[in-house]
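# Working through the structure, step by step
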Amino acid sequence: MSLLKVSHVTKRFGGLTAVDDLSFDVHEGSIKAVIGPNGAGKSTLFNLLTGFDRADSGAATFLGGDLLGRRPDTVVRRGVARTFQNTQLFEELTAHENVLVGVEPSLRAGFVRSALRIGIRAEERDARERADHILRLLDIERWRDVIAADIPHGVRRSVEIARALATGPQVLLLDEPAAGLNGAETQSLAAALYRIRDHGATIVVVEHDMGLVMEVSEEILVLDRGRKIAEGPPLLIQKDVAVIEAYLGEEVEDDDV
Ligand SMILES: Nc1ncnc2c1ncn2[C@@H]1O[C@H](COP(=O)(O)OP(=O)(O)OP(=O)(O)O)[C@@H](O)[C@H]1O
Ligand SMILES: [Mg+2]
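The text that follows walks through the structure, step by step, so that each part is easy to find. (Residues numbered from 1 in each chain as written. Chains lettered and ligands numbered in written order. Predicted model: local features only at pLDDT ≥ 70, side-chain atom pairs only at ≥ 80, totals over all residues. Heavy atoms only, no water.)

### Structural notes on the overall build of the protein chain
A tally of helices and strands in the protein chain yields nine helices and 10 strands. Classification of the 257 residues of the protein chain by burial places 47% in the buried group. Contacts in the protein chain between residues at least 24 apart in sequence constitute 67% of all its contacts with a sequence separation of at least 6. Here the protein chain displays about 12,300 Å² of accessible surface, and carbon together with sulfur accounts for 51% of that area. (Helix = DSSP H or I, 4+ residues; strand = E, 2+ residues; numbered from the N terminus. Buried < 20%, exposed > 50% of the residue type's maximum accessible area, 1.4 Å probe, protein only. Contact = heavy atoms within 4.5 Å. Areas by Shrake-Rupley, 256 points an atom, 1.4 Å probe, with all protein chains shown as cover.)

### Considering the pairing of strand β4 (residues 57-62)
When strand β1 (residues 2-13) meets β4, the two strands line up antiparallel, connected through five bridges. Bridged to T10 within β4 is S57. Taken together, the two bridges between β4 and strand β5 (residues 65-66) define a ladder with antiparallel strand orientation. Bridge pairing in β5 places T61 opposite D66. (Pairing = 2+ DSSP bridges.)

### Some remarks on the coordination of the magnesium ion (ligand 2)
Listed as protein donors to the magnesium ion (ligand 2) are S43 (OG) and Q85 (OE1); their distances from the metal cover 2.0 to 2.2 Å. Of this pair, S43 sits in helix α1 (residues 42-49) while Q85 is found in the loop between β6 (80-82) and α3 (95-115), placing the two residues 42 residues apart along the sequence. By relative accessible area, which is 35% here, Q85 ends up partly exposed. (Donors = N, O, S within 2.8 Å, 3.2 Å for Na, K, Ca; no water.)

### Some words on the site of ligand 1
Lining the immediate environment of ligand 1, one finds 13 residues, of which G39, K42, T44, Q85 and H208 sit closest. Taking G41, its main chain carries an N or O atom lying 2.9 Å from an oxygen atom of ligand 1. In the model, an oxygen atom of ligand 1 is placed 2.9 Å from a nitrogen or oxygen of the H208 side chain. For ligand 1, the protein covers 61% of the area, taking 630 Å² as the surface of the free molecule. Where the shell around ligand 1 is concerned, the elements lending two or more residues are β2 (16-27) and α1. Ranked by residue count, the leading element in the shell around ligand 1 is α1, at three residues. A per-class count over the shell around ligand 1 returns four nonpolar, seven polar and two charged. (Near = heavy atom within 4 Å. Polar contact = N/O pair within 3.5 Å; in protein donor to acceptor, adjacent residues only side chain to side chain. Nonpolar A, V, L, I, M, F, W, Y, C, P; charged D, E, K, R; others polar.)

### Quick notes on the pairing of β2
Two strands pair when backbone bridges link them, and β1 and β2 are joined in this way by eight bridges, in the antiparallel orientation. The residue bridging K5 from the neighbouring strand is D25, located in β2. Taken together, β1 and the strand that follows it, β2, pair antiparallel across an intervening segment of two residues, in which G14 is found at a positive phi of about 60°.

### With respect to the sheet that holds β1
The strand order across the open sheet formed by four strands is β2-β1-β4-β5, and the pairing between neighbours is antiparallel. Unpaired on one side and paired on the other, β2 and β5 mark the two borders of the sheet.

### As for the nonpolar core
In this structure, L172, L193 and I196 are the most contacted members of the largest nonpolar core, which totals 46 residues. Per-element accounting of this core gives the leading share, six residues, to helix α5 (residues 153-165). Shared between two domains, this core takes at least three residues from each, and those domains are domain 1 (1-79 + 169-257) and domain 2 (88-168). Setting aside anything within four residues of it in sequence, one finds I196 in contact with L137, L138, I161, L165, L172, A201 and I203. (Core = buried A, V, L, I, M, F, W, Y, C linked by side-chain atoms within 4.5 Å. Domains from an automatic or database assignment.)

### Overview of the sheet that holds strand β10 (residues 227-232)
Spatial strand order, β6-β7-β8-β3-β9-β10: six strands in an open sheet with mixed pairing. Edge positions in the sheet fall to β6 and β10, since each has one partner strand and no second. Strand-to-strand twist across the sheet, computed as the mean angle between neighbouring axes with direction ignored, equals 20°. Relative to β10, strand β9 (residues 219-224) is paired through five bridges, and the arrangement is antiparallel. If you follow V222 over to β10, its bridge partner there is A230. Lying over the sheet, α1 contacts β3 (31-35), β6, β7 (171-175), β8 (202-206) and β9, oriented at roughly 145° with respect to β7. (Axes fitted to C-alpha atoms, helices over the stretch in contact; angles between N-to-C directions.)

### A look at the pattern of salt bridges
Scanning all chains against the criterion turns up 13 salt bridges. E91 is the salt-bridge partner of R156, the closest N and O atoms lying 2.7 Å from each other. Residue R156 is found in helix α5, and its partner E91 is found in the loop between β6 and α3; the two are separated by 65 residues along the sequence. Residue R156 is classed as buried on the basis of its relative accessible area, which comes to 13%. R144 serves as the salt-bridge partner of D132, at 2.7 Å between the closest nitrogen and oxygen. Of this pair, D132 sits in helix α4 (residues 120-137) while R144 sits in the loop between α4 and α5, placing them 12 residues apart in sequence. (Salt bridge = Lys/Arg side-chain N within 4 Å of Asp/Glu carboxyl O.)

Interpretation note: all reported values are geometric properties and have no functional meaning in isolation.
Put into structure tokens, the structure is as follows:
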């Protein structure tokens, strides 16, 4: 079943079309990768889907409801969470507290219940336990009480994923989660992505690490200058001429990939 449906979405910045008439589906329970050279429009796509930017035209439906043009917090409450290309944590808070920040929106429902005398203490304990559970899911529980400023880069990325997961999303959008990770950290990220998926979240991951992309994704969407140039299972994408050209073409001008 298609959980998220993107139809003819376009975003222009002045004369530049960052996302160009883009359509694709994300199937429930899948891991989908979005790849493409620098500037292809991958992060812009996430910004449009999560209310951080407005599309010029097109639509995106999630669980049958409209997603575009909503506020970021509304998008999260509807069940779509994201991480950013540059990790954004509360530096003075511990890993556990950073994850609790993510639990907070669902805690609001708890405040309503507490008004009905079910008790705020139980709600708070629930939230703390949930944050601990998510730290374990990402295999970072040993960093629980360390403040973000003292946590190494590879672990910080996992804390950010944990915080997004704490909102209880049905779809998790990850923008380059493997950036700056070493081989062992990338392997552990791959395992975490499977565990997250098995816990019921659908994942869309923007990533430059082709090893990770080929390993975890069931389907790959390839963007180049805002346009979809290919979409399909990893084995077909690896052999796709347009994809190879997009990457080789970039290599001549920019060896950043
Ligand atoms: N707020 C903005 N204002 C103007 N141009 C922008 C803005 N955001 C993105 N762009 C431009 O839109 C294009 C797509 O950018 P985007 O960040 O989505 O690419 P990307 O695929 O995420 O690239 P990377 O792999 O480097 O992260 C780029 O040419 C970028 O310079
Ligand atoms: Mg980007």
